[in-house]
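# Notes for the structure review
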Amino acid sequence: MSFVQSAPQLADPYRDDRVLQSWLARVLPEAQRRAAEPDFMALADYAQHAYTRQATTTPAEPALTQWDVWGHRVDRIELTETWREGPSIAATRGLVADGHDRALGEFARVRQFAKVYLYHAASAFYSCPLAMTDGVATALRDASNAGLRERVLPHLLSRDPATFWISGQWMTETAGGSDVGMSETTARREADGTWRLNGRKWFTSAINAEFALALARPEGNPAGADGLALFGVETCNGDGSWNGIAIDRLKDKLGTRELPTAEIHLRDTRAELVGDTAHGVRAIAPVLQVTRLWNAFGSLSTMARCLALARDYARRRSAFGKPLIEQPLFADSLAGWEAGFEAAFHLAMEVALLLGRVESGAGDERDAALQRLLTPLAKLWICKLGGAHRFGNRRGDWRDRLSRGQRHSPAAARCAGVPDLGRREQRAGAGFPAGAGENRHGTPGGSGRQLAGNRRRRCRRPGRRGCPRRDPARGHMAARSRARWRHIAGRRVASGYDLRAQHRCRPAGAARRLDAAPSKRFGLSEGVAAILRTRTRSHHRSVLTPVPPRHNVARMERSGIRARVADNPDCGAARLHPGYEACIPRRAWNSAT
């Protein structure tokens with residue numbers, strides 16, 4: 001056994017990223033791009049350094065020491081090396097501060113999330129507290145407690161590692177997860193006006209944070225979400241001891257194991273009221289909007305890392321007499337992954353640009369509504385798409401860096417609200433009343449199909465048309481959807497490139513670019529409209545306009561999306577073809593015209 005497979009090497013995440021370079025050159029002003037380029041290159045260099053270090057060190061995890069040798073309760077947490085490096089990198093490179101820098105105008109979020117995209121895969125999920133810090137800073141900007149805002153906000157946005165703070169968000173309890181209205185933590189106001197919190201928080205990520213926002217119910221408030229208030233908590237006292245916080249244990253998680261997530265008890269924890277004594281869930285909503293976009297970019301960063309390693313591995317690994325990159329089937333699979341990644345990249349950057357426009361005042365009400373609509377959708381779809389790719393039987397070893405990435409990937413999809421909650425908020429942002437256009441599964445349309453998923457209710461009787469037992473190809477919608485996706489991904493999708501020929505990207509003249517004229521109907525670029533997949537069949541109703549199919553055809557034409565009749569009547573309903581044309585089944589077109 002003389003052969004040993006060489007490991008894939010990570011290319012420069014910034015200089016060798018064609019998609020990122022192209023997007024920044026097209027959207028970010030030249031002066032801002034040149035000013036930020038030293039940070040981009042430094043983060044890329046750090047990513048390569050961290051990747052090499054992972055290959056030569058044993059995986060480490062945080063450790064909790066609850067008692068010292070003399071029996072004193074200390075609850076001391078020892079962090080990993082990557083986490084000890086995190087504050088310096090985050091502060092000096094402006095990973096949080098850039099997003100709130102008014103001098104950057106509408107491009108502040110673009111510049112910030114380009115850095116997040118480069119840093120996340122190397123951060124050992126230190127990006128998690130940075131996401132919460134960014135969200136908490138956003139929430140505190142409009143807080144009525146001016147004293148708390150003026151004292152804490154400079155720490156959260158500091159570019160000096162010595163004064164930089166990270167923040168947590170403490171909502172999840174044993175009684176209430178996504179339904180935070182069931183929270184049992186209480187708040188008691190003392191005679192001197194201070195507040196004391198008592199209760200149990202079941203999932204507190206980055207327990208080492210210097211600050212946190214916590215939901216608690218003031219004494220006398222009614223049950224339910226409206227009875228909760230939002231409090232700011234400095235986790236430590238002036239002498240370094242915990243502020244009424246007892247750490248029960250660190251979570252033993254599937255992935256993100258370097259992230260210290262704890263179960264804690266609050267025992268007369270000193271806190272300050274952020275705003276009113278009620279409607280705390282509404283006050284913390286900006287945190288969720290920001291952290292969801294961080295989740296999307298985290299998954300995007302992981303996808304970019306996996307694709308870079310897959311390309312290098314395909315050039316190093318030979319099978320059946322030639323490198324994998326020259327094997328047509330593998331090249332086709334790689335092209336499909338590339339296509340999905342590029343679509344996700346452009347959607348995430350579109351949302352970041354919208355957020356920057358809204359926060360800087362350059363956007364209008366349509367931009368604000370669209371940003372609220374697309375943020376949970378981007379988080380849902382990109383996080384579901386962003387799993388690690390396969391590298392043969394080497395994926396089963398936890399020491400392998402790719403296996404660790406796969407174990408991390410589910411975290412972003414669950415964070416900041418489960419997918420069902422995100423879909424409900426997405427529909428509310430679009431102006432739908434509760435339950436409008438939904439079936440018994442709570443999803444739009446008549447088939448129980450998720451907004452960005454590929455699931456259909458199966459037939460229960462073998463004799464009916466479309467039943468999996470009779471005709472699996474027609475009855476199993478997930479298999480059909482995957483086949484359609486592979487068909488599109490092997491050709492032109494979202495980036496304007498032909499990906500069919502051995503993974504080499506060639507310009508496709510007929511394809512329309514993502515920065516094409518925005519849709520008149522929805523205010524979307526046609527590339528984003530492609531991702532939303534406007535439906536025409538009755539069981540694939542439009543996400544944005546749940547109306548009969550014949551009207552959808554006309555609306556697509558009015559919104560600037562070129563519709564054409566499909567030669568194959570069973571081609572599938574209104575998925576957008578290469579060139580961003582709508583594939584309309586012949587019978588649907590006839591019924592509409």
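As the structure is a prediction and not an experimental result, all values here were calculated from the model. (Residues numbered from 1 in each chain as written. Predicted model: local features only at pLDDT ≥ 70, side-chain atom pairs only at ≥ 80, totals over all residues. Heavy atoms only, no water.)

## With respect to the pattern of salt bridges
As a reminder, the rule being used: Any carboxyl oxygen of Asp or Glu within 4 Å of a side-chain nitrogen of Lys or Arg constitutes a salt bridge here. Strands are runs of DSSP state E lasting at least 2 residues, helices are runs of H or I lasting at least 4, and numbering of each runs from the N terminus. Here's how the labels work: a residue is buried when its accessible area is under 20% of the maximum for its type, exposed when over 50%, partly exposed in between, all with a 1.4 Å probe on protein chains only.
Tallied over the entire structure, the rule returns 32 salt bridges. Across the pair Arg-249 and Glu-263 runs a salt bridge, and its minimum N-O distance is 2.8 Å. Of this pair, Arg-249 sits in strand β8 (residues 245-250) while Glu-263 sits in strand β9 (residues 262-273), placing them 14 residues apart in sequence. Relative accessible area serves as the criterion here: at 45%, Arg-249 is assigned to the partly exposed category. Glu-263 gets classed as buried once you look at its relative accessible area, which sits at 2%. Here the salt bridges share partners, and the residues they tie into one network are Asp-39, Arg-93, Asp-98, Asp-101, Arg-111, Lys-115 and Arg-159.

## Notes on the nonpolar core
Nonpolar side chains in soluble globular proteins generally cluster together in the buried interior. We count it as follows: Only buried Ala, Val, Leu, Ile, Met, Phe, Trp, Tyr and Cys residues count toward a nonpolar core, and they belong to the same one when joined by side-chain atoms within 4.5 Å. Only heavy atoms enter the contact rule, under which two residues are in contact if any of them lie within 4.5 Å.
Judged by nonpolar contacts, the single largest core of 75 residues is most densely connected at Leu-20, Leu-24, Tyr-117, Leu-130, Phe-297, Phe-341 and Phe-345. Secondary structure elements with two or more residues in this core: α1 (18-27), α2 (30-56), α3 (81-92), α4 (108-119), α5 (127-141), α7 (280-316), α8 (328-360) and α9 (365-385). The leading source of residues in this core is α8, at 14 residues. If we ignore the near neighbours within four places in the chain, the residues touching Phe-345 are Val-19, Leu-20, Trp-23, Tyr-117 and Leu-300.

## Topic: unusual backbone geometry
Within the chain, Thr-256 stands out as a residue other than glycine whose phi angle is a positive 50°. If you trace the backbone, Thr-256 turns up in the loop between β8 and β9. Exposure remark for Thr-256: the relative accessible area of 6% places this residue in the buried category. One non-glycine residue, His-279, adopts positive backbone phi at about 55°. On the secondary structure map, His-279 appears in the loop between β9 and α7. By relative accessible area, which is 33% here, His-279 ends up partly exposed.

## As for the packing of aromatic side chains
Keep this limit in mind: Between 30 and 60 degrees the pair is tilted, below 30 it is stacked and above 60 it is edge-to-face, where a pair is any two Phe, Tyr or Trp rings, Trp via its six-membered ring, whose centres lie within 6.5 Å. Remark: a charge is flagged as sitting over a ring if the NZ atom of Lys or the CZ atom of Arg is within 6 Å of the ring centre and within 35 degrees of the ring normal.
Applying the stated criterion across every chain yields a total of 9 aromatic pairs. An angle of 90° between the planes, with centres 5.0 Å apart, marks the rings of Trp-83 and Tyr-126 as edge-to-face. Here Trp-83 is found in helix α3, whereas its partner Tyr-126 is found in the loop between α4 and α5, with 43 residues between them in sequence. Looking at Trp-83, the relative accessible area reads 1%, which means it is buried. Within the aromatic cluster, the residues linked to one another by ring pairs are Phe-113, Trp-294 and Phe-297. The ring of Trp-67 carries Arg-73 above its face, with NZ or CZ at 5.2 Å from the centroid. Above the face of the Trp-202 ring, Lys-251 is positioned so that its terminal group lies 3.7 Å from the ring centre.

## Focus: α7
Stated precisely, the cut-off is as follows: Here, expected helix span is obtained from the residue count minus one, scaled by 1.5 Å. A residue's bend is given by the angle between axes fitted to the 7 residues ending at it and the 7 residues starting at it.
Taking 1.5 Å per residue, 37 residues should reach 54 Å; α7 reaches 54 Å between its end C-alpha atoms and fits that length. Taken as a whole, α7 carries its principal kink of about 30° at Pro-286. Where burial is concerned, most of α7 is hidden: 29 out of the 37 residues are buried.

## Comments concerning α3
Helix length check: α3, at 12 residues, gives a terminal C-alpha distance of 18 Å against a target of 16 Å (1.5 Å per residue), a fit within 8%. Buried within α3 we find Thr-82, Trp-83, Gly-86, Ile-89, Ala-90 and Ala-91. Looking at the buried positions of α3, the neighbouring elements they touch are α2, α4 and α5. At the C-terminal side of α3, Gly-94 shows a positive phi close to 65°.

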